[in-house]
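Summary of structural features
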Amino acid sequence: MTTNDLMALLPVLILGGASVIAMLLVAVRRNHRVMHAFTVTVFIVALLALFREPGTMPYVIAPLFVVDKFADFNTGLILAAGLSVLLLSFNYFEQREERKEEYYILLLLATVGGLVLLMSRHFVSLFLGLETMSISLYGLIAYLRARERSDEAGVKYLLLAALSSAFLLFGMALVYAEAGTMDFVGIGQYLAGISQAPMTVVAGFGLMLIGVGFKLGIVPFHMWAPDIYEGAPLPVAAYIATVSKGSMLVLLMRFYRDVNGYEYTILWWVLAIIAMASMFAGNWLALMQRNVKRLLAYSSISHMGYILIAFLAGMEAGQEAVMFYLVAYVITSIGAFGVLAMLSDEKDDAEMLEDFSGLFWRQPWLAAIFTAMLLSLAGIPLTAGFIGKFYVVAAGVNAGLWLLLALLVVNSVIGLFYYIRLVAVMFQPQEGAVVRRRLPFFGMFALSALMALLLWLGIYPSALIAVIRDMMLTMG
Amino acid sequence: MILLTFILLPLIGAFLAWASAAVHSTLPRWIALGVMLAGLILAAGVWIQPEPASVVGADWRYVYHQPWMPRFGVSLSLAMDGLGLLMIVLTFFLGSLAVLVSWEEIRDRTGFYYFNLLFVLGGIAGVFLVMDLFLFYFFWEVMLIPMYFLIGIWGHGRRLYASLKFFLFTQAGGLLMLLSILGLYFVHGASTGVYTFSYAELLQTPMEQGLGRWLMLGFMAAFLVKLPAFPFHTWLPDAHTEAPTAGSVILAGLLLKTGAYGILRFVLPLFPEACHYFADVFMLMGAIGILYGGQLAYAQTDFKRLVAYTSVSHMGFVLVGAFAFNELAYQGVVMQMITHGISTGALFMIAGVLYERLHTRELEKMGGLWAALPGLGTITMVFVMASLGLPGLGNFIAEFLILAGSWQANSWITVLAAIGLVVATVYSLRIMQKVFFGISLREFRLKDMTFREAAMLLPLVIAIIWLGLFPQRVIDTAAKAAPVVAFQYKDK
């Protein structure tokens, strides 16, 4: 390892080192405030570390990692998401748990896993990153162990994630057995060299898809999502929805590029069917929910379906659209779960539709933020979600995916129905005296920033689009 | 720059109104009124001015251009021709009245109310001015959300149902339009190498016949829902009935016009071939709308619902006229857009005024009101007469021009449409009969028009009579904006 290698990996190293220090901090003396401040600082430092002296990009650290603009951009995205989750966490855990400090260690470790995924170009680093993240998530999901649904969610995630990892491993083994390499580019070269992919490789890809599909929460591997979202602490749910799914998606994009996945029609059709099923199942089930957490869980399944449409639209326009949509999705998901976290009190999370009744007249600012997030999820103008959806549709039209787009239109309308219903609930006239609670500063700060970002990207998306384009072009 | 002002004025006013509610709860309505009147004066000023030497060769009075999202070829490009100008004048005219209408009716959450009201108007102004298809879709959607809130929060009984229905219908149509816009964008890009949403450039898109027809249908999906044309009209009666008075006025007077405007501005010039191919279908839809809407109007017992169905009927004329492809019908359509906005807006205001006094909209519970409300009765009479197409009032000119024009295109459908005038007579007279004549069983006294009510209804009376006697001014203004491409297509 040279100094350059270390520089390239700097953000991961900072987080990794910090998690060790965090453990020592807890051992010395428990203090929630210190721990929180420390973790926030670490995330900010890691974000700043992204602006290190750029060497040659893409910078390959053979055989495991590649650091390019694509990885850097997503590292930034994941770190920013993690930071927002952190800001939302303080008050949430302050109210609830007597031992809060380990939460931050787990969060740091999970993020390390996510970052490893973003830059891995090899099965080994993929698996290491994935497991680092998953194992931390088991702990995070079950963190509020006193709650009834908490253990259940944790155990459920543990079993299913372990199972999906097994599928992933087996798939990797099959591919390796045939291709003789675990390197993405190497696999791509091997596949390019033969006329037709052998059965073993196809089966391997199929099994890997199960593992990936589980993490992305797409149909038919979506069963865990609503239960986990419901049982996990709200900031953790936001974290799973964004960091865990996002890093997996980025990995999938890189893998697809390297192995020229777009050339395999069977794979294309499998994903197309998954996209359709995800849109329909997600929206349809969301429509049935009265529990807002489950509603968001199902709606995030359908959003993965939309993203898959962009993904299927092909290399250039499609992958750009995926990135933009992902950014918009990360902002809105954290925002939406953040609002829920703000509203929750010591005993219960705010999750039923009734909890939001008349919110606009009680907490106008919070309701405005939630409205903006929901409208963005629904793809209404002036929000980033609108540009994201526009991007997806543009990519789809460009590639001529008319069937998928027609279904997207149908699903958007179904989606509108429940988002708007939730908005309508917030604007219902409030009966009785208005009780205003003081809202925690950090959380409101994070949410306001997210909303500003959402509107900024909705009104002036050019800057982000330029960055994404530049990064996709240099990825090669 | 003045074009940008027309859009930004209501939008900025909206935020001011919202913020000012914290100071005093009546402040928002003064701000709203001031903003709308300022816009009206500005727009009228432009209209009165002699036309400037045309900018960039075309018939645009003003153009404004500014790149926005170069990656997609989206630019902030605005332009105004005669049609746009008329629509902007109408927007600010009805907008000012909508503020006046809400003066007493809206008492709670005034800040947020006027925010939504002004925001809808800003979105509508945007729709009438933008010359970039992306932005057109953008504003098309922008005006929906505040409208949704207006109906959903300040509406009557079944407001949630009505607002949701309105929203879903228009969104579904809008998304199909988005697909078509993008289709056009990529077709243009593939054939010319220039990816742009600019209206002027997309006009010259070479297109396969079949594809052009599909794309045209996508656009029409949005506009037919908005218009509303039979059978996409079912959202309208619900939305109208449940909306607060100002909401109904804006819906009938302006929102429906965005659909008509879209057909004239985008569908006809962009897809002349497809328009001629489908012309008969759409004209027939229009004629069915005229008769069906009229018949349903007759069957209503709720005043607002009745007026809502007359909108379906009157807007059918727009569809008939738009697809007749000649100057005469085109002028009729523009006239119809304006006169319908005024006369139906007025009828909804009258419904609001009556509701304030009687607390009911049921025709059965009215009757014999003339004795108590002679002033209001006279004004109602004017608009009922306008609605049935009495010569001397604006609507007559509009419908006459449309029928005269469409006769040249399709005489059978014109006959059907003309029967609609008879239907209109029947339901219009029924309004007068049920509300103002007959025996009154009422024992308590009713107040005739207040100053505020007169101030909002009299300008409408003057406008509708003026349009009926001197329509030439409007026709001249609109003349230059005619989608000549579509008219000439047949000759090729």
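As annotated in an unreviewed UniProt entry, chain B carries the name NADH-quinone oxidoreductase subunit M and comes from Chitinophaga pollutisoli. Check the Sequence similarities (unreviewed entry) section of the UniProt entry for chain B; it says "Belongs to the complex I subunit 4 family."

As annotated in an unreviewed UniProt entry, chain A carries the name NADH-quinone oxidoreductase subunit N and comes from Chitinophaga pollutisoli. Chain A has a UniProt comment under Catalytic activity (unreviewed entry) that states "a quinone + NADH + 5 H(+)(in) = a quinol + NAD(+) + 4 H(+)(out)". Per UniProt, chain A carries the Subunit (unreviewed entry) text "NDH-1 is composed of 14 different subunits. Subunits NuoA, H, J, K, L, M, N constitute the membrane sector of the complex."

**Quick look at the overall build of chain B**
Each helix and strand counted, chain B has 20 helices and two strands in total. At 22 Å, chain B has a C-alpha radius of gyration in line with the 23 Å of a compact globule built from 492 residues. In terms of overall dimensions, chain B has a C-alpha envelope of 75 × 60 × 45 Å along the principal axes. Out of the 492 residues belonging to chain B, those deemed buried represent 67%. The contacts in chain B between residues at least 6 apart in sequence include a share of 81% that link residues at least 24 apart. A total accessible area of about 16400 Å² is found for chain B, and carbon and sulfur atoms account for 67% of it. Of the side-chain charges in chain B, 27 are positive and 25 negative, and the distance between the mean point of each set is 6 Å.

**Observations regarding the confidence of the model for chain A**
Averaged over chain A, the pLDDT score is 88; the fraction of residues at 70 or greater is 98%. By mean pLDDT, the top-scoring element of chain A is helix 6 (residues 123-141) of chain A (93), and the lowest-scoring one is helix 15 (residues 359-362) of chain A (82).

**Things to note about the UniProt feature "domain: NADH:quinone oxidoreductase/Mrp antiporter transmembrane" (unreviewed entry) in chain B**
Following the UniProt record, one finds the feature "domain: NADH:quinone oxidoreductase/Mrp antiporter transmembrane" (unreviewed entry) at residues 131-419 of chain B. The span residues 131-419 of chain B is 80% helical and 0% strand by assignment, and the distance between its end C-alpha atoms comes to 38 Å.

**Things to note about the packing of helix 16 (residues 394-409) of chain B against helix 18 (residues 451-469) of chain B**
The description of two packed helices rests on the angle between their axes and on the distance between the axes. Residues and elements named next belong to chain B. Put simply, helix 16 and helix 18 touch, their axes get as near as 6 Å, and they point 45 degrees apart. Of the possible angle classes, the one that applies to helix 16 and helix 18 is oblique. Mapping the contact onto sequence places G394, N395 and I397 in helix 16 and I464, L467 and G468 in helix 18. When its residues are assigned to classes, the contact of helix 16 with helix 18 shows three nonpolar, three polar and no charged.

**Topic: the UniProt feature "domain: NADH:quinone oxidoreductase/Mrp antiporter transmembrane" (unreviewed entry) in chain A**
As recorded in UniProt, the sites labelled "domain: NADH:quinone oxidoreductase/Mrp antiporter transmembrane" (unreviewed entry) are residues 120-415 of chain A. The span residues 120-415 of chain A is 79% helical and 0% strand by assignment, and the distance between its end C-alpha atoms comes to 35 Å.

**As for the pairing of strand 2 (residues 74-80) of chain B**
Counting buried positions along strand 2 of chain B yields six of seven residues, so the element is predominantly enclosed. What sits between the antiparallel neighbours strand 1 (residues 62-69) of chain B and strand 2 of chain B is a turn of four residues, in which B:G73 has the positive phi angle 75 degrees.

**Focus: a negative patch on the surface**
Residue and element names in this part refer to chain A. There is a patch of like negative charges on the surface, built from D345, E346, D348 and D355. Tracing the backbone shows D355 in the loop between helix 14 (316-343) and helix 15. Since its relative accessible area comes to 31%, D355 is described here as partly exposed.

**Some points on the pattern of salt bridges**
Two side chains that carry opposite charge are able to pair once their charged atoms sit near each other. Residue and element names in this part refer to chain A. Under the defined criterion, the tally for this structure stands at 21 salt bridges over all chains. Residues R149 and E230 are paired through a salt bridge, measuring 2.7 Å at the closest nitrogen-oxygen approach. On the criterion of sequence distance, the pair formed by R149 in helix 7 (residues 148-179) and E230 in helix 10 (residues 224-231) is long-range, its members being 81 residues apart. The shortest N-O distance in the salt bridge between R294 and E230 comes to 2.4 Å. On the criterion of sequence distance, the pair formed by R294 in helix 13 (residues 292-312) and E230 in helix 10 is long-range, its members being 64 residues apart. Each member of the pair R294 and E230 is classed as buried. Among the ionic contacts, a cluster of salt bridges with common partners joins R149, K156, D227, E230 and R294.

**Brief notes about the interface of chain B and chain A**
Counting residues at the interface gives 33 residues for chain B, matched by 36 residues for chain A. When the two sides are added together, the surface that chain B and chain A hide from each other amounts to roughly 3200 Å², 85% of it contributed by carbon and sulfur. Joining chain B to chain A, the criterion identifies zero salt bridges. Viewed at the interface, chain A and chain B are joined by three residue pairs in polar contact (both at pLDDT 80 or more). If you list the elements that add at least two residues to the side of chain B that touches chain A, you get strand 1, helix 4 (110-129), helix 5 (133-142), helix 6 (144-154) and helix 7 (159-192) of chain B. At 14 residues, the largest contribution of residues to the side of chain B that touches chain A is made by helix 7 of chain B.

**Here we look at the environment of A:P233**
Residue and element names in this part refer to chain A. Relative to the elements of secondary structure, P233 occurs in the loop between helix 10 and helix 11 (234-258). Looking at P233, the relative accessible area reads 0%, which means it is buried. Each C-alpha atom, one on P233 and one on L79, is 19 Å from the other, the two residues being 154 residues apart in sequence. Excluding residues that lie within four positions of it along the chain, P233 makes contacts with Y92, F93, L140, I141, Y143 and L144.

**Thoughts on a nonpolar patch on the surface**
Residues and elements named next belong to chain B. Together, L284, I288, Y292, Y298, W407, W412, V415, L416, I419, V422 and V426 make up an exposed nonpolar region whose accessible area comes to about 1000 Å². Residue assignment for the nonpolar patch shows that the elements contributing at least two residues are helix 12 (272-299) and helix 17 (411-436). In terms of residues, the nonpolar patch owes the most to one element, helix 17, which gives six residues. The exposure class of L284 is partly exposed, given its relative accessible area of 38%.

**Let's talk about helix 13 (residues 303-322) of chain B**
Residues and elements named next belong to chain B. For helix 13, built from 20 residues, the straight-helix expectation of 28 Å at 1.5 Å per residue is met to within 8% by its first-to-last C-alpha distance of 29 Å. Of all 20 residues that make up helix 13, 19 are buried, and the element is covered over most of its length. Structurally, the start of helix 13 carries an N-cap: the backbone nitrogen of K304 is 2.9 Å from a side-chain oxygen of D302.

**Quick word on the side chain of B:H340**
All names here are of chain B. Its location among the elements puts H340 in helix 14 (residues 327-358). On the basis of relative accessibility, which here comes to 0%, the residue H340 falls in the buried class. The contact partners of H340, leaving out residues within four places of it in the chain, are A252, L256, K257, S311, H314, M315 and G345.

**Topic: the packing of aromatic side chains**
Two descriptors summarise a pair of aromatic rings, namely the distance from one centre to the other and the angle between the planes of the rings. Taken as a whole, this structure holds 74 aromatic pairs over all chains when the rule is applied. Between A:Y92 and A:F93, the aromatic rings sit 5.5 Å apart at their centres with planes inclined by 75 degrees, giving edge-to-face as the arrangement. Here the two residues A:Y92 and A:F93 agree in accessibility, since each one is buried. Across from the ring centre of A:W361, 3.9 Å away, lies the NZ or CZ of B:R109, which sits over that ring. Sitting over the face of the ring of B:Y298, B:R430 holds its NZ or CZ atom 5.0 Å from the ring centroid.

Scoring rules and cut-offs
- Residues numbered from 1 in each chain as written.
- Chains lettered and ligands numbered in written order.
- Predicted model: local features only at pLDDT ≥ 70, side-chain atom pairs only at ≥ 80, totals over all residues.
- Heavy atoms only, no water.
- UniProt positions renumbered as here; feature names shortened; annotations may be inferred.
- Helix = DSSP H or I, 4+ residues; strand = E, 2+ residues; numbered from the N terminus.
- Rg over C-alpha atoms; globule rule 2.2 N^0.38 Å.
- Buried < 20%, exposed > 50% of the residue type's maximum accessible area, 1.4 Å probe, protein only.
- Contact = heavy atoms within 4.5 Å.
- Areas by Shrake-Rupley, 256 points an atom, 1.4 Å probe, with all protein chains shown as cover.
- Lys, Arg positive; Asp, Glu negative; His and termini not counted.
- Charge placed at Lys NZ, Arg CZ, Asp CG, Glu CD.
- pLDDT = per-residue confidence, 0-100.
- Axes fitted to C-alpha atoms, helices over the stretch in contact; angles between N-to-C directions.
- Parallel < 35°, antiparallel > 145°, perpendicular 65-115°, else oblique.
- Nonpolar A, V, L, I, M, F, W, Y, C, P; charged D, E, K, R; others polar.
- Pairing = 2+ DSSP bridges.
- Patch = residues over 30% accessible without salt bridge, like charges linked within 9 Å, V, L, I, M, F, W, Y side chains within 5 Å.
- Salt bridge = Lys/Arg side-chain N within 4 Å of Asp/Glu carboxyl O.
- Buried area = accessible area lost by both parts, 1.4 Å probe.
- Polar contact = N/O pair within 3.5 Å; in protein donor to acceptor, adjacent residues only side chain to side chain.
- Expected span 1.5 Å × (residues − 1).
- Phe/Tyr/Trp six-rings, centres within 6.5 Å; stacked < 30°, edge-to-face > 60°.
- Lys NZ or Arg CZ within 6 Å of the ring centre and 35° of its normal.

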